[in-house]
Amino acid sequence: MGIQDLQIFLENEGVGVDLFRIARTHAGGFRLVLDAEGCLDRLYGGYFSDWACGGQWARCVQFLTTLAQALAEHQVALCVCFNGAHPTPPTLPQHWIQTQATYRQRVNSVLRHIVTKGTPPPKVWWVPPTGLHSCLRTALRYLNIPIMVSSDDHCQEVVGLCREKTYAGLVGCSGEYLVFQPPRYFSSSQLKLTYRSSLETKEYMVHDLPKLLDVPQDRLYLMAALLGGTMLPEQSLTDFYKRLGITQKKQQIPPETLIKTIAQFVRDLPSSDIDAACVEVFGDLNDLRAAKLKQAVQYYLNGTKDGFLKYRTASGRRPKNNKKNQKPDISPQSTSSDLDTSKLAAESSEHEQKGLEDYKLATANASMNADFSIEEHCHELSHGVAAMTLEGADSDTQKQQATKPTNKNGKPFKEAPVGPSRGPTEDNCPQAPAEVLRTCAERHARGLMHPHMLAILTHRQIALPVLMEDDNHREIPSIHHFYRPIRQNVYAILYNMHHHRFMAQKARDEGTATGSMINERPCTVQIAEWIYSHVNPGKSPELVSGVVLDWPVPTVQRLWFGTAQDDKCRRMRAFLSCMRSDTPMMLNTSYVPQHLLILATVLRFIMTSQIQILRRQELDAFLATAFSNDLMNALHLQEMTVNGISSRGVQLATLVMAGAEAALLANDACGAPVPWLVAAPWLYFDGKLLQRNLQRAAACKHLAQLCDNHIDTVVKVERMRKAILEGLEVEFAMPPLPMVGLMGDVGGWRGRGRGARLEIAGVVVGQWGGGSYPTPRPQRYPQQVSYVGYTPPPRNSYAGRGWRGGRGRGRGRGAAPRPRRARRDHDEPAKPATLTINGKTVRPDNIGSPNDSPNEDNLQLENDGEGYNMQKGRGGKNIKKNAGKGKKKSTTQKSDIAQALEANGSLDKSKVADFSDSSEQHMGQGDAPVSN
């Protein structure tokens, strides 16, 4: 992978060190910059076998809490850096496509492994769980660990921060850092917090790199550029590699061979002149690649100590040479004099204090159950809520953010063209207001805003990563496309589409519009979305237009900075409207607690879709997970075992966590009406617990069994489900047709013949050719299809013996033949090409007969648990009689639950009444959906 081969080449040259031991020799503490992109699995808590389930966020927070305590104890200060840079094409596709293609291969391998074996995947296929970046930023902010998010060039900004703030070293795993030669360089991929209270990793002697490669210092940057990178990709150097004798595919070449071959070429150059080197490499100085080679060499030089001093001024700002062509930072048209743009209005002390109280309430039981304490850091957040606001951040980061509104050329942020690959566009919307751009850049640099916000406002494009989903979208649609309506509303809000259209219409009505304005199209903004798929593997972006909400949304300035009471209400309404959740019950905390609002809006958005995705028991499994007492008990969850992991469960977890990411983006776009602390994912989700609940929900007969017979949890789940489904005509996805023993449970083939077909309700569900096939033995006792929240009637889904089926004849190869039993139907001899359906032998010609009713063929059994004794000669009256018995049975169950509710003295009468109403609707009815 180009320059990254240099990092691989030096892996064996590293020296094992303990950062805590080094810190003891540093007076005043040991300050390090940590590039989080190279150790996401380490920050997640090390490798755990259940990362593919959707994310164990309580375990992640537990590890980060332990790490923060160890760092404070040994006086080691970390500034964690995340990659929020979004380079424009053609830089974006080449490096980004390679990364996404690698992740796509891993995801396919993981899903294939889960489908075939049902066990957690191996570590080699590790992919960051969806929402990991947001979880890490929130947790680190909660633990008062400084955060920096890059906005232009990640590696340059990380090493620049290390030099500006005089950090003692850098922890990363990029080959570019080796060429930049920071003060000290440690491996982030080898970072490990041990039980011996040591922070172990490897240190690379970067200053000895020229001696190790036997390359002069002034030619090291040329060698790095010839390895290939973002500015000069490897594909442009193919002919150069062939001349060096590297004729194999690049992926098959050992890094040692490539490094030594290019080092030999650079060492043998007659001079270190870059123009002479371009002639040697490309044969002509006028070659277009020669300019890129010069840029790459300068790029590596700018990251070094000497080049950095020339690249930046003493104040840390990049030089501004072309002041004449520079646009002003703030345009008079977009200035809002009556608004305080220094911070978001939602960051008031009351708002943050309310969020802190809700967080304490949500985690009140966690500190008692889990092996980590939530309360110990709360006193740090309560001092004027300083840690939650912009004023309470780390002083070094606060000074650094002053330089962030400018890009790497020293110019203020403005609308950057997407590039020639964008093609024709209908985008005619003005750029975002300058105060919004400035606030977004400041908050982005400090990790206080979703990284996509800056890319939308400055580049009008975003790159969406590969998710843990089936690329063929068999059961669940493409997740990024599924949540596109949320992003479309966000685009319209950020670019004030409603305001611009309103002002244009007002000008037309008043007759003050110019001729060009009269014929102008309505204001429209288009954002380029890069989504990697097998259909479009990063070749071109998809242009997505913004969609205005169906009510007059205030301007983004008013949403972000307005302090009036109406502004607070409109912020929340705008967020709920983006999530299709603008309903009264959604803001009723007795139905939807504050810390579960994000989850509730995501589940409602899923349920409002025309695509039926969730099944009834799956919705209950998500809610039971959110209300579980074990949700934040990290030790219990780590020791808990899940018998089998399903591919559908893994993809449903990804669907909900991707929806949470979209909800956080909408929340930031609307001025953060939901406090950041109560939007933390560990308050409502755990992947491993969800997988267990999904398995249990498929077998549970009623909701109380799923909730471990905790009646208070049942009440909470019923209430929140009622709020999520408020005003919707609910249509749950039907479970797949069970394998009703087509090879045995329904009967099987007997003898050889002309083939047969099986029809249910007039629909052909099976068709076979002639022949004789072995039939596996059916289960003696059937498995009943049930729905969480329902008590199914005593009959099965097919109203008869379909679940038991006939007895198959085959017993496998080599088995002794079983003595043939006497046939029940003595009046009709056996014929070839016949089928036994629900214990009754029929001819193939009569299977699809319109006179055969399912209720007549599938006779109801009166005693399910006593051997399924066959009773002949029953008619329709007996069937109706049995249906009546099912009603009585369900009514008895309902009364038992109502008695348990009344006996529970901790619940008030209103909850009992509410649960009784919902139980009449969902628990104990005999009209459960029939899977035919």
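Note that the coordinates shown come from a computational prediction; the quantities given were computed from them, not determined experimentally.

Parameters at a glance
Residues numbered from 1 in each chain as written. Predicted model: local features only at pLDDT ≥ 70, side-chain atom pairs only at ≥ 80, totals over all residues. Heavy atoms only, no water. Helix = DSSP H or I, 4+ residues; strand = E, 2+ residues; numbered from the N terminus. Buried < 20%, exposed > 50% of the residue type's maximum accessible area, 1.4 Å probe, protein only. Areas by Shrake-Rupley, 256 points an atom, 1.4 Å probe, with all protein chains shown as cover. Phe/Tyr/Trp six-rings, centres within 6.5 Å; stacked < 30°, edge-to-face > 60°. Contact = heavy atoms within 4.5 Å. Pairing = 2+ DSSP bridges. Axes fitted to C-alpha atoms, helices over the stretch in contact; angles between N-to-C directions. Core = buried A, V, L, I, M, F, W, Y, C linked by side-chain atoms within 4.5 Å. Polar contact = N/O pair within 3.5 Å; in protein donor to acceptor, adjacent residues only side chain to side chain.

A. Region of the structure containing the overall build of the protein chain. Each helix and strand in the protein chain was counted, giving 37 helices and 16 strands. In the protein chain, which comprises 932 residues, the share counted as buried stands at 55%. Put simply, the protein chain shows about 42,300 Å² of open surface, and 51% of that area lies on carbon and sulfur atoms.

B. Seen up close, the packing of aromatic side chains. One pass over the structure, following the stated rule, counts 16 aromatic pairs. Seen in terms of ring centroids, Tyr142 and Tyr359 are 5.6 Å apart; in terms of plane orientation they differ by 50°. Their pairing is tilted. Taken as a pair, Tyr142 in helix α6 (residues 132–142) and Tyr359 in helix α16 (residues 349–362) lie far apart in primary sequence, 217 residues in all. Between Phe482 and Tyr483, the ring centres sit 5.1 Å apart and the planes meet at 80°, which makes this aromatic pair edge-to-face. In terms of burial, Phe482 and Tyr483 fall into one category: buried.

C. The arrangement of the environment of Asn489 in detail. Mapped onto the elements of the fold, Asn489 is located in helix α23 (residues 484–494). Taking the C-alpha atoms as reference, Asn489 lies 9.2 Å from Ser545; in sequence the two are 56 residues apart. In contact with Asn489, other than residues within four places in its own chain, are Val547, Val548, Leu549, Ser577 and Cys578.

D. Representation of the pairing of strand β2 (residues 30–35). With five of its six residues buried, β2 lies for the most part within the structure. With six bridges joining them, β2 and strand β3 (residues 76–82) adopt parallel strand pairing. The residue bridging Val33 from the neighbouring strand is Cys79, located in β3. Relative to strand β5 (residues 169–172), β2 is paired through three bridges, and the arrangement is parallel. If you follow Val33 over to β5, its bridge partner there is Leu170.

E. Layout of unusual backbone geometry. Positive phi is not limited to glycine here, since Gln75 has a value of about 60°. Among the structural elements, Gln75 can be located in the loop between α4 (57–73) and β3. Backbone geometry places Thr166, a non-glycine residue, at a positive phi of 50°. Structurally, Thr166 is set in the loop between α7 (154–164) and β5. Residue class for Thr166 comes out exposed when judged on its relative accessible area of 62%.

F. Fine view of the sheet that holds strand β10 (residues 526–531). The strand order across the open sheet formed by three strands is β9-β10-β11, and the pairing between neighbours is mixed. The two strands at the open ends of the sheet, each matched to only one other strand, are β9 (461–464) and β11 (542–545). Shown here is a sheet whose adjacent strand axes are inclined to one another by a mean of 30°, direction ignored. Pairing between β10 and β11: four bridges, direction antiparallel. Along β11, the bridge assignment pairs Glu529 with Glu542. Together, β9 and β10 form the strand contacts of helix α21 (residues 451–458), whose direction differs from that of β9 by roughly 145°.

G. Quick look at the environment of Ala634. Structurally, Ala634 is set in helix α30 (residues 634–639). Residues Ala634 and Trp57 lie 577 residues apart in sequence; the distance between their C-alpha atoms is 8.7 Å.

H. Examining the nonpolar core more closely. Counting 172 residues, the largest nonpolar core has Tyr483, Leu494, Trp560, Phe575 and Trp682 as its most contacted members. Among residues more than four places away in sequence, those in contact with Leu494 are Ala432, Met453, Ile456, Leu457, Val556, Trp560 and Ala669. Membership of the second largest hydrophobic core comes to 56 residues, among which are Cys79, Tyr241, Ala277 and Val281.

I. Here's a closer look at the environment of Asp273. Within the secondary structure, Asp273 is located in the loop between α12 (255–267) and α13 (274–282). Spatially, the C-alpha atom of Asp273 lies 9.9 Å from that of Leu222, the residues being 51 residues apart in sequence. A polar side-chain atom of Asp273 sits 3.3 Å from the main-chain amide nitrogen of Asp275. Here Ala276 takes part through its backbone nitrogen, which lies 3.1 Å from a polar atom of the side chain of Asp273.

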